[in-house]
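The lines below spell out each chain.
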Amino acid sequence: DKVTDPANDPQKFDFTLTGGPSNVNQSFQLDDDDTPHDSGGVLPGGGYNAAETVPAGWDRTSATCDDGSPINNINVAPNETVTCTFTNTKRGKILIDKVTDPSGASQKFDFSLTGGPDSLNQTFQLADGDPKHDSGAIKPGSYNAAETIPAGWTLDQTNTTCDDGSAVNNIGLS
């Protein structure tokens, strides 16, 4: 079975189910809305292996079988149905934009974007009108954006915002 966070994501995930006394060799795809894959009848015993290829931009959150078997050595008892569930979390990204008053100023401003589960540490420069800085695909978590204000400029704290309501020094990325 396939579960995604966020729910109902249309991303297809590639799977194989191999081995065991039946010497199964199946390849298939599932997304979050699909009915779980049914192997069909198999001989009782161990050694069945379910494997998933995790696409870029996703992380495996868990992979468990409801009878306690590990996914790489599923043991099927006589008349048993084992359901193995693979859960993946989609990575997000943070975009940083620079706006100046007066608009269109060419001054470059130094920024850093840090934190999160992988200890992100990005430094970059932006001027008003530059393309937004894209963090790339990063794991959900708490991040910090900081800006160094050059001489002759002041920070307008009332307009320093994140579109999800997070504070720039505690960005909550889902």
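In the block above lies the structure referred to throughout.
Presented here is an overview of the structure given in this document. These numbers were taken from a predicted model, which means no experiment stands behind them.

The next subject is the packing of aromatic side chains. Using the criterion set out here, one finds five aromatic pairs in the structure. Ring geometry for Phe15 versus Phe28: centroids 5.5 Å apart, planes at 5°, classification stacked. Placement of the pair is Phe15 in strand 2 (residues 13-19) and Phe28 in strand 3 (residues 24-30), with a sequence separation of 13 residues. Pair check on accessibility: Phe15 and Phe28 agree, each one buried. Ring centres of Phe15 and Phe86 lie 5.1 Å apart, and the angle between their planes is 75°; on these two criteria the pair is classed as edge-to-face. With Phe15 in strand 2 and Phe86 in strand 7 (residues 84-90), the pair connects residues that are 71 residues apart, well separated along the chain. Phe86 matches Phe15 in its accessibility class, with the two residues each being buried. Cluster of aromatic residues (ring-pair linked, three or more members): Phe15, Phe28 and Phe86.

Moving on, we get to unusual backbone geometry. A cis amide bond, omega 15°, links Asp5 with the succeeding residue Pro6. The topology assignment puts Pro6 in the loop between strand 1 (2-5) and strand 2. A cis geometry characterises the amide bond from Asp101 onward to Pro102, with omega recorded as 15°. Locating Pro102 in the fold gives a position in the loop between strand 8 (95-96) and strand 9 (109-115). The phi dihedral of Asn23 is positive, around 50°, even though this residue is not glycine. As for its placement among the helices and strands, Asn23 is situated in the loop between strand 2 and strand 3.

Another aspect to go through is the nonpolar core. If you look at the biggest cluster of nonpolar residues, it comprises 15 residues, and the most contacted ones within it are Phe15, Ile74 and Phe86. What Phe86 contacts, discounting residues up to four positions off in sequence, is Asp1, Lys2, Val3, Phe15, Ala50, Glu52, Arg60, Ser62, Ala63 and Ile71. Listed in part, the 14 residues of the second largest apolar core include Phe111, Cys162, Ile171 and Leu173.

Parameters and conventions
- Residues numbered from 1 in each chain as written.
- Predicted model: local features only at pLDDT ≥ 70, side-chain atom pairs only at ≥ 80, totals over all residues.
- Heavy atoms only, no water.
- Phe/Tyr/Trp six-rings, centres within 6.5 Å; stacked < 30°, edge-to-face > 60°.
- Helix = DSSP H or I, 4+ residues; strand = E, 2+ residues; numbered from the N terminus.
- Buried < 20%, exposed > 50% of the residue type's maximum accessible area, 1.4 Å probe, protein only.
- Core = buried A, V, L, I, M, F, W, Y, C linked by side-chain atoms within 4.5 Å.
- Contact = heavy atoms within 4.5 Å.

Coordinates in, geometry out; function isn't part of it.
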